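Each chain, written out:
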Amino acid sequence: MTDPQRSVALMQVAGPIMLGSAFQIETPQTKACSMAFLTWLHAGILGGLIIGLSRHGKTCAVRWAMKAIQKALNIRIPFFEIPLRSHVTPKEGEFFEYLLKQVGHRNWMKGKISEKRDRLTDFLAARARSCPIKTVFLYFDEAQYLTDEQWKWIHNIANEAAVAKIKVFFLFSGPHELEAMKERYVQAGTNDHLVGRFMSVAFYLTGLESVEDLGACLKGFSEVVYPKSKEVTLPENFVDLKAHPDFSLPSYASAMWGEFLQIRAEEIPEAPADEMVLPMHYVTAAVLQFLTGLATNEKGLPDAVLLSRAVRACGFSDFIRSTIFRSERSAEGHA
């Protein structure tokens, strides 16, 4: 049995990574995402959508893109992430109180609704003025939960920012329901101000689309230093590279891609082999389970067996089956 302290140490490494709070790695999609944001900034656009299926890595892509933009421009841009909740009956006071709490304002509970709105505007203005381009980013995750009223309140934030002579750049991520919301506004013709200001541009985030994409992703995992305090790369937490100097995580890209392909073929036999897209969540889970398997391999199982088990345990099969179910339900609804 693996030493308990060793098990705990491995969990302490893997846990934050799966939550997306440890680090973000460069992938073709994160690079494309950052380029889209830069283009929007240069064009003077005030907001945009990030559309993608669940578990495809939208939040991590936005976080990586924001770091890349600041590095490219050599400036610091204040960035605040706001995970949204669904509401039966949204209340304005509670909404602005929640925003204040998420941006880290210490007086987020105090005052009337108007005072909370003013407090948020003043806070954002102060942060934006510390930036050379007088800009602050507000990122609303799971934006499909926003109600019509909440969109109007966000529009008010943008208007008040303009009066304060600063720019709030709004990002909204969500699944395709978010795009459907936009289409509903377009067809209704009653919220063209919201569409024009926040929804005129969109970045469609997919997953890894080829074995080359997966190899680049595994290279990122193999090179990232984590935890920073230990000054070691991620694989070094699991594999003794002195004892195994030839270990290379990217070298498993082809085998891992093949395992994912096999699972998809089992669930969708007719699916073309060259059209698979891997959500980042399941790739990350497979990588961590594979590394953990290598670290705790007391039975001396071959790497190929550990890799297969890791991919099988990452949840990709359930994702495929749930996707099929949603497609069938959608087809029934349009029948």
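Coordinates for the structure precede this section.
It should be emphasised that the depicted structure is a prediction, and the values quoted were computed from it without experimental measurement.

Q: Please explain the overall build of the protein chain as it appears in this structure.
A: For the protein chain, the count of helices and strands is 13 helices and 5 strands. In summary, the protein chain has a C-alpha radius of gyration of 22 Å against a globular reference of 20 Å for 335 residues, a match within 12%. Viewed in the frame of its principal axes, the protein chain has a C-alpha envelope of about 65 × 55 × 35 Å. Evaluated residue by residue, the protein chain yields a buried proportion of 47% over its 335 residues. In the protein chain, 76% of the contacts between residues at least 6 apart in sequence involve partners at least 24 apart. Here the protein chain displays about 17,100 Å² of accessible surface, and carbon together with sulfur accounts for 53% of that area. If the 37 positive side-chain charges of the protein chain are averaged to one point and the 37 negative ones to another, these points end up 10 Å apart.

Q: It is not clear to me how the nonpolar core should be interpreted in this structure. Could you clarify?
A: General note: in soluble globular proteins, nonpolar side chains tend to be found buried as a group. In terms of nonpolar packing, the biggest core is built from 44 residues, with F221, L234, M256, F260 and F316 touching the most fellow members. Elements with a contribution of two residues or more to this core: α1 (4–19), α9 (211–223), α10 (253–267), α11 (280–295), α12 (303–313) and α13 (316–334). Tallying contributions element by element places α11 first for this core, with 10 residues. Setting aside residues up to four positions removed in sequence, F221 forms contacts with F23, I25, L234, P235, L249, M280, T284 and V287. Core analysis: the next-biggest nonpolar cluster, separate from the first, contains 39 residues, L120, W153, F170 and V195 among them.

Q: Can you walk me through the side chain of T59 in this structure?
A: Looking at the secondary structure, you find T59 in helix α3 (residues 58–73). Given a relative accessible area of 18%, T59 falls into the buried group. Looking at T59, its side chain comes within polar contact range of the side chain of Y139, at 3.5 Å. Once residues within four sequence positions are removed from consideration, T59 is found in contact with E81, Y139 and D141.

Q: Could you clarify how one ought to interpret the environment of H105 in this entry?
A: You can see H105 is positioned in the loop between α4 (92–103) and α5 (113–129). H105 sits 18 residues away from F123 along the chain, and the two C-alpha atoms are 7.8 Å apart. Excluding residues that lie within four positions of it along the chain, H105 makes contacts with L100, R119 and F123.

Q: Help me understand the pairing of strand β2 (residues 79–83) in this model?
A: As a general feature of sheets, a regular strand has side chains that alternate between the two faces. The side-chain alternation of β2 yields one buried face, formed by F80 and I82, and one unburied face, formed by F79, E81 and P83. As paired strands, β2 and strand β3 (residues 135–141) are joined by 5 bridges and run parallel to one another. If you follow I82 over to β3, its bridge partner there is F140.

Q: Please explain the packing of aromatic side chains as it appears in this structure.
A: If you walk through the whole model with that rule in mind, you get 22 aromatic pairs. Ring centres of F140 and F170 lie 6.5 Å apart, and the angle between their planes is 20 degrees; this geometry places the pair in the stacked category. Placement of F140 in strand β3 and of F170 in strand β4 (residues 167–174) is noted, with a sequence separation of 30 residues between them. You can call F140 buried: its relative accessible area is 0%. One aromatic cluster is present, formed by F140, W151, F170, F172 and F198 through successive ring pairs.

Q: How should I be thinking about the environment of K228 in this particular structure?
A: For K228, the location among the structural elements is in the loop between α9 and α10. Note: C-alpha distance between K228 and A22 (206 residues apart in sequence) is 9.8 Å.

Q: Hey, could you run me through the sheet that holds β2 in this one?
A: Strand pairs in the sheet, formed through backbone hydrogen bonds, run parallel or antiparallel to each other. The strand order across the open sheet formed by 5 strands is β2-β3-β4-β1-β5, and the pairing between neighbours is parallel. Only two strands of the sheet have a single neighbouring strand rather than two, namely β2 and β5 (202–204). Averaged over all pairs of adjacent strands, the angle between their axes in this sheet comes to 20 degrees, without regard to strand direction. Both strand β1 (residues 47–51) and β4 contribute to a ladder of 5 bridges, which runs parallel. Paired with I50 across the strands is S173, a residue of β4. Along the sheet, helix α2 (residues 28–42) contacts β1, β3, β4 and β5; its crossing angle with β5, the most-contacted strand, is approximately 170 degrees. Of the strands in this sheet, β1, β2, β3 and β4 touch α3, which is tilted by about 170 degrees from β3.

Q: What is the right way to look at the packing of α9 against α10 in this model?
A: When two helices pack together, their arrangement is given by the angle between the helix axes and by the axis-to-axis distance. With their axes 9 Å apart at the nearest point, α9 and α10 run at an angle of 125 degrees to one another. Relative to α10, the element α9 is oriented oblique. Handedness of the α9/α10 crossing: right-handed. Taken together, the residues of α10 that come into contact with α9 (itself represented by V211, L214, G215 and L218) are A253, S254, M256 and W257. Considered class by class, the residues forming the contact of α9 with α10 number 6 nonpolar, 2 polar and no charged.

What counts, and where the lines are drawn
- Residues numbered from 1 in each chain as written.
- Predicted model: local features only at pLDDT ≥ 70, side-chain atom pairs only at ≥ 80, totals over all residues.
- Heavy atoms only, no water.
- Helix = DSSP H or I, 4+ residues; strand = E, 2+ residues; numbered from the N terminus.
- Rg over C-alpha atoms; globule rule 2.2 N^0.38 Å.
- Buried < 20%, exposed > 50% of the residue type's maximum accessible area, 1.4 Å probe, protein only.
- Contact = heavy atoms within 4.5 Å.
- Areas by Shrake-Rupley, 256 points an atom, 1.4 Å probe, with all protein chains shown as cover.
- Lys, Arg positive; Asp, Glu negative; His and termini not counted.
- Charge placed at Lys NZ, Arg CZ, Asp CG, Glu CD.
- Core = buried A, V, L, I, M, F, W, Y, C linked by side-chain atoms within 4.5 Å.
- Polar contact = N/O pair within 3.5 Å; in protein donor to acceptor, adjacent residues only side chain to side chain.
- Pairing = 2+ DSSP bridges.
- Phe/Tyr/Trp six-rings, centres within 6.5 Å; stacked < 30°, edge-to-face > 60°.
- Axes fitted to C-alpha atoms, helices over the stretch in contact; angles between N-to-C directions.
- Parallel < 35°, antiparallel > 145°, perpendicular 65-115°, else oblique.
- Left-handed = near helix turned anticlockwise from the far one by under 90°.
- Nonpolar A, V, L, I, M, F, W, Y, C, P; charged D, E, K, R; others polar.

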